[in-house]
Amino acid sequence: MKKWYAVIGDPISQSMSPSMHDEWFENNELQATYIPVHVKEENLEDAVLSLKTLGCSGWNVTVPHKSSIIQYLDEIDSFAQQMNAVNTVEVLPNGLLRGSNTDGPGFVRSLEELYEVRCKESKVLIIGAGGAARGIGYALHKAGYGPITFTNRTLDKARQLCTEIPEAKALTIAEAEQSLSTYRLIIQTTSVGMNFAQKGMPLNPENIADGTVVADIIYNPLKTEFLIEAEKRGAFILNGTGMFVHQGALAFEKWTGIRPNTEEMNEKITDTLGGTYVNR
Ligand code: ATR
């Protein structure tokens, strides 16, 4: 029988996950499909029960349900527990629901696809202190990167993250701007620079040093103002398409045991988003 998978969230119509997973199912000759399901906050419990009853084999979870879904799952892996956020649910053969989080590990894989050698064992700066910063910071720490410094408009939130990640430090935006040239890896995780949301940059990029790897988790636009400015200063850049593709690939692997083709998918998503985008 054909299996089916889903992504639940509110809003959900913009999600690129269905076309990505459907293509991977087809390329790997799997009899399966993946659909977007619009679930409002107040309907989450009913939705989880329904997905289970209707035989869904696994699903992704996006805003605003990543934390609230935890109470309806049977098992949570340790990374998702630490994040207090789940983006992938597997329905186990015995019917139990297991939650995990592939967002931070997805970022690390997208980084390593291009720049692993350049970034290991060097100072890392993460701009932002929300859920994305936390997942990426923790995944980088677990993968042996660091030491990690967080800088954020609201310094207290950066300080809070430092209590969760060993040896992490917090800086004000002004302090980070001054010391930018000392980091070999800089990751922008705020919404600043996103199309239609907030134009601009989260901090002044003037002191970015030549040869630094600068990542932005935004993929629309494909190249944020921050990445453009970093590139002008000789940085190696990385946008958010890779993180998106790899978080999906890690979920796909959990469901099917197959590692899908991420490079082709990255190119395809870049085309869909209207552009050529070149890392150097
Ligand atoms: P996500 O899950 O995507 O990380 P989040 O948890 O809401 O989203 O976190 C948003 C991050 O973007 C925070 O670091 C936030 O800074 P504050 O903690 O000071 O709110 C940052 N952010 C959002 N808008 C910003 C802006 N206009 N300038 C600077 N930082 C901004």
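Residues numbered from 1 in each chain as written. Predicted model: local features only at pLDDT ≥ 70, side-chain atom pairs only at ≥ 80, totals over all residues. Heavy atoms only, no water.

## Points about the site of the ligand
With respect to spatial proximity, 13 residues lie near the ligand, and among them Ala 129, Asn 152, Arg 153, Thr 154 and Lys 157 are the closest. Between Ala 129 and the ligand, the recorded distance is 2.9 Å, taken from a backbone N or O atom to an oxygen atom. In this structure, Gly 131 approaches the ligand through a main-chain N or O atom, which is 3.0 Å from an oxygen atom. Protein contacts shield 64% of the accessible area of the ligand, which totals 640 Å² for the unbound molecule. Residues that form the shell around the ligand fall into these classes: 3 nonpolar, 8 polar and 2 charged. (Near = heavy atom within 4 Å. Polar contact = N/O pair within 3.5 Å; in protein donor to acceptor, adjacent residues only side chain to side chain. Areas by Shrake-Rupley, 256 points an atom, 1.4 Å probe, with all protein chains shown as cover. Nonpolar A, V, L, I, M, F, W, Y, C, P; charged D, E, K, R; others polar.)

## Topic: the pairing of strand β8 (residues 148-151)
On a regular strand, each side chain points to the face opposite its neighbour's, so the side chains alternate between the two faces of the sheet. The side-chain alternation of β8 yields two buried faces, one formed by Ile 148 and Phe 150 and the other by Thr 149 and Thr 151. Here strand β7 (residues 124-127) pairs with β8 via 4 bridges, running parallel. Bridge pairing in β8 links Leu 125 to Thr 149. A crossover connection joins β7 to the parallel β8 through helix α5 (residues 131-142); in handedness this β-α-β unit is right-handed. Where β8 and strand β9 (residues 169-171) come together, 3 bridges link them in parallel fashion. Bridged to Thr 149 within β9 is Lys 169. Running through helix α6 (residues 155-162), the crossover from β8 to the neighbouring parallel element β9 is right-handed. (Buried < 20%, exposed > 50% of the residue type's maximum accessible area, 1.4 Å probe, protein only. Helix = DSSP H or I, 4+ residues; strand = E, 2+ residues; numbered from the N terminus. Pairing = 2+ DSSP bridges. Right-handed = clockwise from strand over helix to strand, strands pointing away.)

## Quick notes on the domain arrangement of the protein
Under the domain assignment used here, the protein contains domain 1 (3-101) and domain 2 (104-240). Summed over both partners, the interface of domain 1 with domain 2 comes to about 620 Å²; 64% of that surface belongs to carbon and sulfur atoms. On the domain 1 side of the contact with domain 2, Phe 79, Gln 82 and Met 83 bury the most area, a combined 76% of that side's loss. Run the count over domain 1 and domain 2 and you get 0 salt bridges. Here the residues of the side of domain 1 that touches domain 2 sort into 3 nonpolar, 2 polar and no charged. (Domains from an automatic or database assignment. Buried area = accessible area lost by both parts, 1.4 Å probe. Salt bridge = Lys/Arg side-chain N within 4 Å of Asp/Glu carboxyl O.)

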